[in-house]
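Tertiary structure, described
Residues per chain are reported as follows:
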Amino acid sequence: LFPGLAVVAAGDLVSDLRMVKDTAELDLMRRAAAIADDAFDELLKKLAIDVTPLDVASEVDYQLQLRGADWTSFPTGIVFAGGGSDTGGSNAHASGPAPSGAPSQPRLRPGMHVAFDFGAVYQGYCSDFGRTVFCGEPAPRLREVHSLIMAAQKAGMEALRGGQATGADADRAARSLIEEAGWGDYFWHRLGHGIGCDVHEPPFLTRSEQRVLQPGMTFTVEPSVHKGKEIAIRVEDVVLVTGQGGESFNSATKELIVI
C-alpha cells in the first residue's frame with residue numbers, strides 16, 4: 001500500500017530525547033529520591049539481630065509504598081556480608097517467599113554488614129539508592145573501605161561537569177581511587193547509569209562512554225567493593241549533571257552507620 005515505506009526502530013531517537021530532563025521531570029525524580037531516603041531512615045529503626053535479607057527487603061518495599069511510591073524501580077536487593085563464611089553474601093529480592101525446601105536465609109549477626117540497593121517509582125520516574133550499615137563496630141579494614149567508597153563517589157560526582165566531561169571521565173575519577181588503594185579487582189561494575197523513566201537508561205558512566213555529558217542529565221553514582229561473602233560495601237545516589245559538577249538528589253547520611 002505504501003511503496004518505499006521502511007519501518008525502523010525508534011529506540012535510539014527516543015533515548016536521545018529522554019537523556020536531558022526538564023524541570024517537571026527533575027521535580028518528580030527528586031520526590032522519588034526523597035521517598036527512598038525516608039524509607040531508609042525508617043528502616044534503620046527496625047534493623048535488629050536475627051532479621052533475614054527477605055525480612056529487610058519486604059520492609060523496604062512496604063516503606064516505599066507507604067510514602068507514595070507506585071512500586072519499586074527493580075526487585076529490592078539486600079546483601080548480608082561478613083561474620084563468617086557460612087553466614088554472609090546472601091542477596092534477597094522481595095519477590096515472595098522462598099520455594100519449599102529452599103535453604104534457610106542467613107540472619108543478621110554482630111560483625112556482619114548490610115548493603116542496600118533499592119529504588120522507588122513515583123509518577124513514572126525512578127530512583128535508585130544504596131547505603132551500607134554495620135551490625136556492631138566494624139573492623140578497621142572495613143572502616144577504611146567504607147571511607148574509600150565515599151571518597152570515590154564524591155570524586156565521581158565532582159567529575160559530572162556538563163559540557164566538559166564524558167562518562168569515561170567520571171568513571172575514571174572514581175575508579176582510580178579504588179584502584180590506587182588496591183581494591184580495583186573488587187569494583188567490577190560501571191560507576192553508574194542514566195536514570196529517568198527507566199531505572200537503567202543511556203548514557204552510562206563506563207570506561208568506554210565518550211559522549212560529553214550535558215546539564216540536565218541524571219545518573220546513579222554507585223562505586224562499591226564486593227569481595228565474596230567477606231565484604232559488600234556500596235553507596236548510591238541519583239545525581240544531576242550541572243556545569244559545576246554533580247548535584248545529589250539524596251539526603252540520607254553517608255557517615256558510617258552502626259546499629
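Everything numeric in this text was worked out from a predicted model, so none of it was measured. (Residues numbered from 1 in each chain as written. Predicted model: local features only at pLDDT ≥ 70, side-chain atom pairs only at ≥ 80, totals over all residues. Heavy atoms only, no water.)

Glancing now at the overall build of the protein chain. In terms of helices and strands, the protein chain carries five helices and 15 strands. Whereas a compact globule of 259 residues would reach a radius of gyration of roughly 18 Å, the protein chain reaches 19 Å, a difference of no more than 12%. Dimensions along the principal axes, computed over C-alpha positions, put the protein chain at roughly 65 × 45 × 30 Å. When burial is assessed residue by residue, the protein chain has 51% of its 259 residues classed as buried. Restricting to contacts in the protein chain with at least 6 residues of sequence separation, those with at least 24 account for 71%. Carbon and sulfur atoms form 54% of the exposed surface of the protein chain, whose accessible area is close to 11,900 Å². The distance from the centre of the 23 positive side-chain charges to the centre of the 34 negative ones in the protein chain is 3 Å. (Helix = DSSP H or I, 4+ residues; strand = E, 2+ residues; numbered from the N terminus. Rg over C-alpha atoms; globule rule 2.2 N^0.38 Å. Buried < 20%, exposed > 50% of the residue type's maximum accessible area, 1.4 Å probe, protein only. Contact = heavy atoms within 4.5 Å. Areas by Shrake-Rupley, 256 points an atom, 1.4 Å probe, with all protein chains shown as cover. Lys, Arg positive; Asp, Glu negative; His and termini not counted. Charge placed at Lys NZ, Arg CZ, Asp CG, Glu CD.)

So, on to the pattern of salt bridges. Applying the stated rule across the entire model yields 22 salt bridges. Note that Glu42 is salt-bridged to Lys46, the shortest N-O span being 3.9 Å. (Salt bridge = Lys/Arg side-chain N within 4 Å of Asp/Glu carboxyl O.)

The next point concerns the packing of aromatic side chains. A complete count under the given rule lists five aromatic pairs for this structure. Pairing Phe40 with Phe129 gives two aromatic rings, centres 5.1 Å apart and planes at 55°, and the pair type is tilted. Remark: Phe129 occurs in the loop between β6 (125-126) and β7 (132-134) and Phe40 occurs in helix α2 (residues 23-44); sequence separation between them is 89 residues. With respect to burial, Phe40 and Phe129 carry one shared label: buried. Following the ring pairs from residue to residue traces out a cluster consisting of Phe40, Phe116, Phe118 and Phe129. (Phe/Tyr/Trp six-rings, centres within 6.5 Å; stacked < 30°, edge-to-face > 60°.)

On to the pairing of strand β14 (residues 245-248). Summarising the sheet, strand β13 (residues 237-242) and β14 pair through four bridges and their orientation is antiparallel. Paired with Leu240 across the strands is Glu247, a residue of β14. As consecutive antiparallel partners, β13 and β14 are separated by two residues. (Pairing = 2+ DSSP bridges.)

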